[in-house]
Amino acid sequence: MAVPLYLLILLVGVLCGESKFMVYNTSQSIVPGKLNVHLVPHTHDDVGWLKTVDQYYVGSNNSIQGACVQNVLDSVVPALLADKNRKFIYVEQAFFQRWWRDQSETVQSTVKQLVSSGQLELINGGMCMHDEAVPHYIDMIDQTTLGHRFIKEEFGITPRIGWQIDPFGHSAVQAYLLGAEVGFDSLFFGRIDYQDRAKRKAEKSLEVVWRGSKSLSSSAQIFAGAFPENYEPPKGFYFEVNDDSPVVQDDRNLFDYNVQDRVNDFVAAALSQANITRTNHIMWTMGTDFKYQYAHTWFRQMDKLIHYVNQDGRINALYSTPSIYTDAKYATNGSWPIKTKDFFPYADRVNAYWTGYFTSRPALKGYVRMMSGYYLAARQLEFFNGRSKSGPNTDSLGDALAIAQHHDAVSGTEKQHVADDYAKRLSIGYKEAEDLVAESLACLASKTGCQNAVTKFQQCPLLNISYCPPSEIDLSSGKKLVVVVYNSLGWTREDVLRIPVIDENVTVWDSSGQEIESQIIPISNGSLGIRNYYSAAYLGKAPSLSPAYWLAFSASVPPLGFSTYTISSAKRTAAASKRQTFYKSRGNKNDIVEVGPGNLKLVYSGNEGELTRYINNKRSVNASVQQSYSFYLAHDGSTDLEPQAAGAYIFRPNGSFSIKSERQQVPLTVYRGPILDEVHQTINSWIYQITRVYKGKEHAEVEFTVGPIPIDDGIGKEIVTRISTNIKSNKTFYTDSSGRDFIERIRDYRADWSLQVNQPVAGNYYPINLGIYMKDTNTELSILVDRSVGGSSIVDGQVELMLHRRLLHDDSRGVAEALNETVCVHDECTGLTIQGKYYLRVDPQGEAAKWRRSFGQQIYSPFLLAFAEQDGDKWESSHVPTFSGVDASYSLPENVAMITLQELQDGKVLLRLAHLYEIEEDQDLSVMASVELKKLFPNKTISKISEMSLSANQERAEMLKKRLVWKVEGSNDVEPTVLRGRPIDPSELVVELAPMEIRTFSIDFNYKSSTSESIRLDEDTVCSF
């Protein structure tokens, strides 16, 4: 068949036509003498925010946000394989590990090669990018350790770089603990105060050497860099599908050829950044939230930019990572400005201080803190009992807690359905850990060994709302209630227990069988109302009966051990009844009410019903102290040229108003007894307060119930309590950094720049995880908290804590939802009610640190209670009454805490010991401490011990060998020696800890074979005594 001429011509054209395939040169490395632009491809994947962590991973619920992390990782791997010069960094291990488990061995092998070659770098390495204001330092360590150990086990590497690009301000603990002490060479972040950023850009001091700890100083410093604007690319260089930045159009046969224009844009942006950056190296963060879902769109454009910019020759562009960038900075051998303390508070513009989230979602914050202390205790019991391969363990709770540290989780800045998801995960994790705890205690308490341990212990996670079914049983038929009290602290502890009971005619017996003093206190109607409403909300049904009383008694428990108490029915003696009295104020003008059965006395005015004095004759303290409630009206931003409302992130008050009683006075109801006195105050219809003073304690415990906050007037409100004294504090107060170091704060002042005050309240708020205090030459006022809150000293001599927030406007920072938490029962919803505690103490100046540090540990690690019923006297014959995991003659020094004791999956044991004091904090306890491991583990022989980095992913000696030592401006080459504990002698096995030092060890044990000390249950579990 004849072929038409035009088809032959077309065919020849196709066969002979020139290929237009373009090979871009992306192999460029650093060029000395030129400005080097380090392109760092990255994605920022929130572990929950607008969607839940699982919704983000699989890409569901896209009506809220089109984000799918699975797509990101699926897309990045082939994009990296397409060009060996391309690079990518990934951060959030909660997502990466989900993805990793889904991959075939072939894909896993490929990814391992990408990691080994440096094309894919796993940085930061925690399960999430944790917040830095509201998590406790122990939680920050735990979640980082989970991620770091996985990376080490799977890839054999240790992350070098801290990448905290999105948290809303940055803590000193992040710099020295979660930076230097985990082995990072540098730390990069995106958010610092807009005034601070402007000054640093002018001075070229965005990059610094950060010494976060005055105690550890240069021995725990880190190179740190704040980005010029945020963690996104320069304007005009966004390349996700549908982004509006101009692509590099380099095909001359097509319209809109723009290579030179794009090169000029690139060079101009690079030179602009170079003008505010030291050395000839700058970093471009090429990515942002949930980008690279189609990675080719980014890499295609970056390939072109690198190729054409380097052909242009004015500057040098290269694919890079933060590790390459850090090494380049270090190689310049320059000196860097010094930074101390922290980067709080953070504002991104006028009237926009991100200090509201210090308190946002206080119920979630309290739940996370409660679960954190429980997780610490449960891991100890898992160690004593022996980790089971098949039974319940603490892993699920550890994973849930790790995710909850995310900077849009415990921070309270997520959507409501996401907050619910975090709580659900914690609840599921708790349930498995609860089973583990019950089994471990049954094993440890049984005289006949773990195989015959049949006791079914119950626990009371809702004890805070007076709901504890195991204790609410009828004992009149002869049954006894057994309470096993576990102490996770390393020293003997005495504290008062309060459990709900249905009958006042009960008696308490201690571990030796002796009757001990106890006290009955009526449960208030308000507490019962909260109990019934919230238990119905949590459990789906209201409880069938209600307890009438709190039973209070003092428990003494050995270190890392338990004591057993038995409660039985018995008619209370007349003498016991007489010792318990009831008082209700009448409002008499000269009525003075003094409460407190021990050294501490609180004095109230019977007329106003208000606290007036704090007296402790033992310490020669007689101080004027007043306590009150107020609220801030939340600003709606309607009067602004640039509207800024208060919201989940931002605290912006529009006036402060005292909360007065709905009566002329606040009536006092006082319950007195031999163990404690309670003062009940109804502040108004939605604030109720109980103040407790214990016989053996020298602090006051204040339990507050706040809510539902009324919003009938259409205005959101933020509730604060204020404690006022005569202390001449001179604008100065102190707050903790993530529960660790205390940092001096000065009202309306920043050490790093001249502060322009536009929000005199919100701009002086700081995060509080452990406590806040102020002092003058004579007196110190200390307040400790049970969860993260925001607080300040807005007036000299006065401290305030924000307890609860309920808002009606979004603050335009992305969450697109007002912080208006509600609780619904049977389709009827009310505003959230919060119940919490803070603790108050006044001391002579210089004597308060002991209480802040020791009692702070007790708040974090409360007694763990387990309940069982006993028929007759069988318990004593089959159970041991007490247990301690340490030598009978030993306890930890009072300046040391055990913050981790955990048996890992490989059988090794992880041990962390923390010195609780800073240098010069206490004249007796800010000294070197020693821990004797042979006495700490008396029934086990240590066959091998290795000191590790804080995150336990490398030996500390190896970490120190690799550490980069940065020069600091204005200092000579010789830094003062920092006190540190000596390396551990494997024969002596004594651990030294200097002030603020935390030391981490990996231990192999040889378990002693004596049947009285070790009983093998099965091939999976060993129970050790």
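In this text the structure is predicted, and so the values were computed from the model without any measurement.

Engineer: In this structure, what is going on with the pattern of salt bridges? I would like to understand it.
Structural biologist: Oppositely charged side chains can form a pair if their charged atoms are brought close together. Under the counting rule described, the total for this entry stands at 65 salt bridges. Linking glutamate 203 and lysine 199 is a salt bridge whose minimum nitrogen-to-oxygen distance equals 2.8 Å. One end of the pair, glutamate 203, and the other, lysine 199, are both in helix α8 (residues 194-203), four residues apart, so they sit about a helical turn from each other. A salt bridge links aspartate 922 to lysine 850; the shortest N-O distance between them is 3.0 Å. Of this pair, aspartate 922 sits in the loop between β45 (909-915) and β46 (929-932) while lysine 850 sits in helix α17 (residues 849-860), and the two are 72 residues apart along the sequence. Using a relative accessible area of 5% as the deciding quantity, one classes aspartate 922 as buried. Through salt bridges that share partners, Arg498, Glu678, Arg692, Glu701, Glu703 and Lys837 make up one connected network.

Engineer: Explain the sheet that holds strand β9 (residues 316-319) here, please?
Structural biologist: The strands making up a sheet associate through backbone hydrogen bonding, with each pair oriented either parallel or antiparallel. Taken in spatial order, the three strands make up an open sheet running β8-β1-β9, and their pairing is parallel. Each end of this open sheet is capped by a strand with a single partner; those strands are β8 (281-286) and β9. Sheet twist, expressed as the average angle between the axes of neighbouring strands with direction ignored, equals 25°. Examined bridge by bridge, strand β1 (residues 36-41) and β8 share six bridges and lie parallel to one another. Paired with histidine 38 across the strands is methionine 283, a residue of β8. Along the sheet face, helix α9 (residues 259-274) touches β1, β8 and β9 and points at about 120° away from the line of β8. Helix α11 (residues 322-331) contacts β1 and β8 of the sheet and is inclined by roughly 170° relative to β8.

Engineer: Hey, could you run me through the state of the cysteines in this one?
Structural biologist: A disulfide bridge is the covalent bond that connects two cysteines by way of their sulfur atoms. Using the criterion set out here, one finds two disulfides in the structure. Disulfide pairing is shown between cysteine 460 and cysteine 468; the S-S distance is 2.0 Å. Taking the torsion about the S-S bond as the criterion, the cysteine 460 to cysteine 468 disulfide, at about 60°, is right-handed. Grouping residues by exposure puts cysteine 460 and cysteine 468 together as buried. The side chain of cysteine 824 participates in a disulfide bridge whose partner is cysteine 829; the two sulfur atoms lie 1.9 Å from each other. Handedness here is read from the sign of the S-S torsion; for cysteine 824 and cysteine 829, about 105°, the answer is right-handed. In this model cysteine 68 remains outside any disulfide bridge; the closest cysteine sulfur is found in cysteine 128, 20 Å from its own.

Cut-offs applied
Residues numbered from 1 in each chain as written. Predicted model: local features only at pLDDT ≥ 70, side-chain atom pairs only at ≥ 80, totals over all residues. Heavy atoms only, no water. Salt bridge = Lys/Arg side-chain N within 4 Å of Asp/Glu carboxyl O. Helix = DSSP H or I, 4+ residues; strand = E, 2+ residues; numbered from the N terminus. Buried < 20%, exposed > 50% of the residue type's maximum accessible area, 1.4 Å probe, protein only. Pairing = 2+ DSSP bridges. Axes fitted to C-alpha atoms, helices over the stretch in contact; angles between N-to-C directions. Contact = heavy atoms within 4.5 Å. Disulfide = S-S within 2.5 Å.

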